[in-house]
Amino acid sequence: MMELSEQEQIRRQTVKELTAMGIDPFPAASYPVSDKTCDILENFEKDPSQYQNVNIAGRIVNRRIMGAASFVEIQDDCGRIQVYFKRDDICPTEDKTWYNTVFKKHLDLGDIIGISGYVFKTQMGEITVHAQNFTILTKSLRPLPIVREKDDKTWDAFTDPEQRYRMRYLDLIVNPHVKEAFIKRTKLVNTMRDYLNEKGYLEVETPILQPLYGGAAARPFKTHHNTLDMTLYLRIANELYLKRLVVGGFEGVYEFSKDFRNEGMSRFHNPEFTQMELYVAYKDYFWMMDTVEEMVERIAMALHGSTQVQVGENIIDFKRPWKRYTMFEAIEHFTGIDISEMEEPELRETAQKLGVPIDDSMGKGKLIDEIFGEKCEAHLIQPTFIYDYPVEMSPLAKKHRSREGLVERFEAVCNGKEICNAYSELNDPIDQRKRLEEQLELGKRGDEESMVLDEDFLRALEYGMPPTAGLGIGIDRLAMIMTNSHSIQDVLFFPQMRPEKKVVNDSDETFIEHGVPAQWVEVLRKRGVHNVAEFKDLNPNKLFNDLNGLRKKMKLDIAALKLEEVQAWIEK
RNA sequence: GUCUUCGUAGCUCAGCUGGUAGAGCAAUUGACUCUUAAUCAAUGGGUCGGGGGUUCGAAUCCCCCCGAGGACACCA
């Protein structure tokens, strides 16, 4: 038995009383919902005659009882509406039980009911459903957090992040803006998918369980397949599989993919996250910049009806064209230093001068990337393309068509964070092999993130992949921006959390076998001892004192314990 | 992983330099036939995250642990 709070006990008792009255608190039959709250609120005044016989269903989120009349607020999946209950309308005969007992005493905040009635406007001018009948559809056994709102002011908002993320269902019930954000997220994905489908690209699915992981520099999650008796990894990216499909002759493929990276967590990182990766044959990275601009601008329009989006303090404007800087230009812009001609020692010196933290394992490319990350990225609020990256950091990107040491790669940065990453894809299999081998070499230098050589991927390239533009765009990051969310946990329904500790509860019998008299078992639980295993960590004197103290407090009519008895349980 | 802030009733919070745990809402009982943070009256509800220590006495001070937030690190 778990300990129930007073309110939970009362609600369980109510369930019993309803059942005893012949009312099923959890009925099986369909309820004939014919109307939505939002539709009634929006359209009632245009044509009241259409709303003389409505059926709504939803959760009771507020209640005001005035004797023989009451107002209840019902919430369904699109909003809330006030419902008016009048005793003599609910109970037209002499028997007033249905109103006085079932409605007033046996309904609680959080219960789900169905209501049939007609719509009218109260004296205060609020569109309201006048209930003629109601049906209990689900009793709620736990009290709901009570959030009250009036004129944009909120009282007792349910804000504890731990509870909000662990019990997202509660968060969704009581915090309407949370629901809004998730609806926007889905709209974002739908808009992107529509855009890609309109262009004629094919949505595909590739393996999540992979024998080798690749396509990004991150540590993977490792698992094991029993029948094959082999290690499998959860994918960190799907790039290498999608490119195989381009080799296979698909000229435009994309996938919305859950990827898994075994790295630290923060307000920008969850162990599993969503990316959309797109590969289009016969295109290059400049073409891809145009595509990203067009697609993201369309998403902003779909979600906000405007290219401008409020994000924290800033208004971000996704209107095309976005600013474009090469990486060297961006660094020169923010530091005043032109590093484009520098070699490793000079870069190292410059980084130190700029206060950029570096270590010995960093090569030329990593140093440039660090300087950019430290000095530029956070300042790029409006959407900006940063292009032409050092080759060392980009083993899958094609060599720059004219500049030595660079690759044709870009990232879009927005609100100080990377939102996408794209290249003219490397399709020279000899160069690709060399680059991947260099990554392995870097691995030996202490860089844990370097990749494993994927021979089949190289074999595919050797058959010939057309020149291809590729893109990875972070759906969670984009959703954060588009919903003005401070943290990734606000755009994931169920962000990863440490598990709640669960207390093991022993049965009465187990305690009794341990020598605890039956009437003391409940007292022990009250004291916080849930199982006999906890005995060994307890001080017998303290337990003895606490239990007899509780006996007094609970006014129990049983003999006081002796210290020897308590010692006996603990030693057993 | 490091630093830092936090954890008190179902929810939101107060509780000063240690002295028997408080409020509002929610709950229970009662009054009230158009209220809307409904109102009015009464009542109940707490291992003060867990464990240890200091003390005559700990929600409060100290240490350890658990959980969460934030910052940093990591994450091309």
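These numbers were taken from a predicted model, which means no experiment stands behind them.

Caption draft 1: Inspection of the overall build of chain A at higher detail. Counting secondary structure elements, chain A contains 19 helices and 20 strands. Here the contacts in chain A between residues at least 6 apart in sequence split such that 63% fall between residues at least 24 apart. Here chain A has roughly 29,600 Å² of accessible surface; of this, 50% comes from carbon and sulfur atoms.

Caption draft 2: Seen up close, the packing of aromatic side chains. Taken as a whole and judged by the stated rule, the model has 19 aromatic pairs. Summarising the aromatic geometry, the rings of Phe103 and Phe134 are spaced 5.9 Å apart at their centres and angled 65 degrees between planes, so their arrangement reads as edge-to-face. One end of the pair, Phe103, is in helix α4 (residues 97-106); the other, Phe134, is in strand β5 (residues 127-138), and 31 residues separate them in sequence. One aromatic cluster in this structure is built from Phe85, Trp98, Tyr99, Phe103 and Phe134. The ring of Tyr389 has Arg409 sitting right over it, with the charged end atom 4.4 Å from the ring centre.

Caption draft 3: Representation of the nonpolar core in the model. Counting 46 residues, the largest nonpolar core has Leu188, Met192, Met276, Phe318, Phe410, Leu471 and Met482 as the members making the most contacts within it. Phe410 has contacts with Tyr285, Met288, Met289, Val292, Phe385, Ile386, Tyr387, Tyr389, Cys420, Asn421 and Ala422, leaving out every residue within four places of it along the chain. Counting residues in each nonpolar core, the second largest holds 39 residues, with Val253, Phe328, Leu453 and Leu458 among its members.

Caption draft 4: Molecular detail of the pattern of salt bridges. Under the defined criterion, the tally for this structure stands at 37 salt bridges. Arg401 is paired through a salt bridge with Asp284; the nearest N and O atoms lie 3.0 Å apart. In this pair, Arg401 sits in the loop between β17 (384-390) and β18 (406-414) while Asp284 sits in the loop between β13 (272-281) and α9 (285-304), placing the two residues 117 residues apart along the sequence. Judged by its relative accessible area of 52%, Arg401 is exposed. Judged by its relative accessible area of 22%, Asp284 is partly exposed. Three or more residues joined by partner-sharing salt bridges are found here, namely Arg164, Arg168, Asp171 and Asp490.

Caption draft 5: Main features of the sheet that holds strand β20 (residues 468-474). Pairing is mixed across the open sheet formed by eight strands, whose spatial order is β8-β12-β13-β20-β19-β18-β17-β16. Here the strands that pair on one side only, and so sit at the sheet edges, are β8 (202-203) and β16 (323-326). Relative to β20, β13 is paired through seven bridges, and the arrangement is antiparallel. Following the sheet pairing, Leu278 is matched in β20 by Leu471. Against the sheet, helix α15 (residues 475-482) makes contact with β12 (252-260), β13, β18, β19 (417-424) and β20, and its axis sits at roughly 55 degrees relative to β20, the strand it touches most.

Caption draft 6: Main features of unusual backbone geometry. The amide bond that connects Arg320 to the next residue, Pro321, takes the cis arrangement and shows omega of -10 degrees. For Pro321, the position within the fold is in the loop between β15 (314-317) and β16. One non-glycine residue, Asp156, lies in positive phi territory at about 55 degrees. Relative to the assigned elements, Asp156 resides in the loop between β7 (153-155) and α5 (161-166). A positive phi angle, near 50 degrees, is found at Asp229, a position not held by glycine.

Caption draft 7: View of the pairing of β19. Here β19 lies mainly inside the structure; six of its eight residues are buried. Here β18 hands over to β19 after two residues, with Asn415 in that stretch at a positive phi of 55 degrees. Bridge count for β19 against β20 is five bridges, and the pairing is antiparallel. In the sheet register, Ala422 faces β20, and the bridge partner there is Leu471.

Caption draft 8: Region of the structure containing the side chain of Gln432. Mapped onto the secondary structure, Gln432 falls in helix α13 (residues 429-444). The class for Gln432 is buried, based on a relative accessible area of 0%. Not counting the four nearest positions on each side in its chain, Gln432 is found in contact with Pro395, Leu396, Leu426, Phe457, Leu458 and Leu461.

Caption draft 9: Structural detail: the pairing of strand β11 (residues 230-234). Sheet topology places strand β9 (residues 209-210) next to β11; two bridges connect them, and they run antiparallel. Note that in β11 the partner of Gln210 across the bridge is Tyr233. Where strand β10 (residues 222-225) and β11 come together, four bridges link them in antiparallel fashion. Of the residues in β11, the one forming a bridge with His224 is Thr231.

Caption draft 10: Highlighting the environment of Cys414. The residue Cys414 is located in strand β18 in this model. Take Cys414: its relative accessible area is 0%, and that puts it in the buried class. Distance in space between the C-alpha atoms of Cys414 and Ile381 is 5.1 Å, their sequence separation being 33 residues. Setting aside its immediate chain neighbours within four residues, Cys414 contacts Ile316, Phe318, Leu380, Ile381, Pro383, Ile419 and Ile481.

Caption draft 11: Main features of the side chain of Asp259. Locating Asp259 in the fold gives a position in strand β12. One polar contact links Asp259 to Arg235, side chain to side chain, over a distance of 3.2 Å. In this structure Asp259 touches Arg235, Ile236, Ala237, Asn238, Pro271, Glu272, Phe273, Gln275 and Glu277, once residues within four positions along its chain are discounted.

Caption draft 12: A look at the sheet that holds β11. The strand order β9-β11-β10 describes an open sheet built from three strands, whose pairing is antiparallel. Since the sheet does not close on itself, it has two edges, and those belong to β9 and β10, each with one partner.

Caption draft 13: Structural view of the packing of helix α8 (residues 239-247) against helix α14 (residues 455-463). Where α8 meets α14, the axes come as close as 9 Å, and the angle between the chain directions of the two elements is 25 degrees. Classified by the angle between their axes, α8 and α14 sit roughly parallel to one another. Crossing of α8 over α14 shows left-handed handedness. Touching Leu240, Lys243, Arg244 and Val247 of α8 are Asp456, Phe457, Ala460 and Tyr463, all from α14. Looking at side-chain class alone, the contact of α8 with α14 contains five nonpolar, no polar and three charged residues.

What counts, and where the lines are drawn
- Residues numbered from 1 in each chain as written.
- Chains lettered and ligands numbered in written order.
- Predicted model: local features only at pLDDT ≥ 70, side-chain atom pairs only at ≥ 80, totals over all residues.
- Heavy atoms only, no water.
- Helix = DSSP H or I, 4+ residues; strand = E, 2+ residues; numbered from the N terminus.
- Contact = heavy atoms within 4.5 Å.
- Areas by Shrake-Rupley, 256 points an atom, 1.4 Å probe, with all protein chains shown as cover.
- Phe/Tyr/Trp six-rings, centres within 6.5 Å; stacked < 30°, edge-to-face > 60°.
- Lys NZ or Arg CZ within 6 Å of the ring centre and 35° of its normal.
- Core = buried A, V, L, I, M, F, W, Y, C linked by side-chain atoms within 4.5 Å.
- Buried < 20%, exposed > 50% of the residue type's maximum accessible area, 1.4 Å probe, protein only.
- Salt bridge = Lys/Arg side-chain N within 4 Å of Asp/Glu carboxyl O.
- Pairing = 2+ DSSP bridges.
- Axes fitted to C-alpha atoms, helices over the stretch in contact; angles between N-to-C directions.
- Polar contact = N/O pair within 3.5 Å; in protein donor to acceptor, adjacent residues only side chain to side chain.
- Parallel < 35°, antiparallel > 145°, perpendicular 65-115°, else oblique.
- Left-handed = near helix turned anticlockwise from the far one by under 90°.
- Nonpolar A, V, L, I, M, F, W, Y, C, P; charged D, E, K, R; others polar.

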